[in-house]
Structures are given as structure tokens and as C-alpha cells.
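Report on the structure
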Amino acid sequence: QVQLVESGGGLVQAGGSLRLSCAASRITFSLYNMGWYRQASGKQRELVAVVTESGSTNYKDSVKGRFTISRDNAKNTVYLQMSSLKSEDTAVYYCNAERRVVTTQSFWGQGTQVTVSS
């Protein structure tokens, strides 16, 4: 069974930093696009950042210049370095692994809470 396990969430003051990690198991990690999504209370889940299997990255406009996504294929882990955090970054952050071949394979982690106090 595929597992994505997030860690690194917590409570931080505005302007602070956090690094989220997502460790994957039972998938060929290097073949998957890896993304970080977030869902704030009462809102829909949204894409924050993605790093493709080839290493290309893309970010939600509001986090550009503040967040950095990276992957370590040797460790089957994807990271999200978050800096200059704002109260509006408060959400549950989810890791996603996706691969599109004939069909789309998509797996989710359980989520980690990030709370930014102002």
C-alpha cells in the first residue's frame, strides 16, 4: 500500500519559516510528479507547488519567492521550504504523488497542520 507521510508542520509566528517533508513508500518515486496542496478551514484544497519527475517546478502566485519545493529521489522525499510566512498561509498541507500513464495514479498523505500567528 502506497504511503505518503508528511511532517514538519506546526505553529509559527508571521515572518517565520517552516520546512515540510513528505516521505513516500511503495511507489517508484522518481516517476511521479510531487505536489504540495493546502486546505484552509472552509475553503477548497488548492495547489501550492509542484515538482515534476523531470525537476521542473511551478508555484501558486501568492507563494512565489517565499516557498521552495524540492525533491530527493534517493530518499523518496519531497520538501516544501516556507519562508516569510503569513497568516493566510494557515492551512492543512497535503502531499500528493501523481503519475499519468494510461490512467492517472494519484496518492495523498494525511496532511500536516501549519498555523501562522500574526
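Preceding block: the structure.
So, here's what we can say about the structure. Here the structure is a predicted model, which is why all the values come from computation and not from measurement.

**Overview of the pattern of salt bridges**
For the structure on display, the rule yields six salt bridges. Asp89 is the partner of Arg66 in a salt bridge, and the nearest nitrogen-oxygen pair spans 2.8 Å. With a gap of 23 residues between them, Arg66 in the loop between β6 (57-59) and β7 (67-72) and Asp89 in the loop between β8 (77-82) and β9 (91-100) connect regions that are remote in the sequence. Of the residues examined, Asp89 reaches a relative accessible area of 0% and is grouped as buried. Here Arg100 makes a salt bridge to Glu98, at a shortest N to O gap of 2.9 Å.

**A look at unusual backbone geometry**
Look at Asn76: it is not a glycine, yet its phi comes out positive at around 55°. With respect to the helices, strands and loops of the structure, Asn76 is situated in the loop between β7 and β8. Taking the relative accessible area as the measure of exposure, Asn76 reaches 24% and is therefore partly exposed. Positive phi, close to 50°, is recorded for Ser84, a residue that is not glycine.

Criteria and thresholds
- Residues numbered from 1 in each chain as written.
- Predicted model: local features only at pLDDT ≥ 70, side-chain atom pairs only at ≥ 80, totals over all residues.
- Heavy atoms only, no water.
- Salt bridge = Lys/Arg side-chain N within 4 Å of Asp/Glu carboxyl O.
- Helix = DSSP H or I, 4+ residues; strand = E, 2+ residues; numbered from the N terminus.
- Buried < 20%, exposed > 50% of the residue type's maximum accessible area, 1.4 Å probe, protein only.

Honestly, it's all geometry; don't read function into it.
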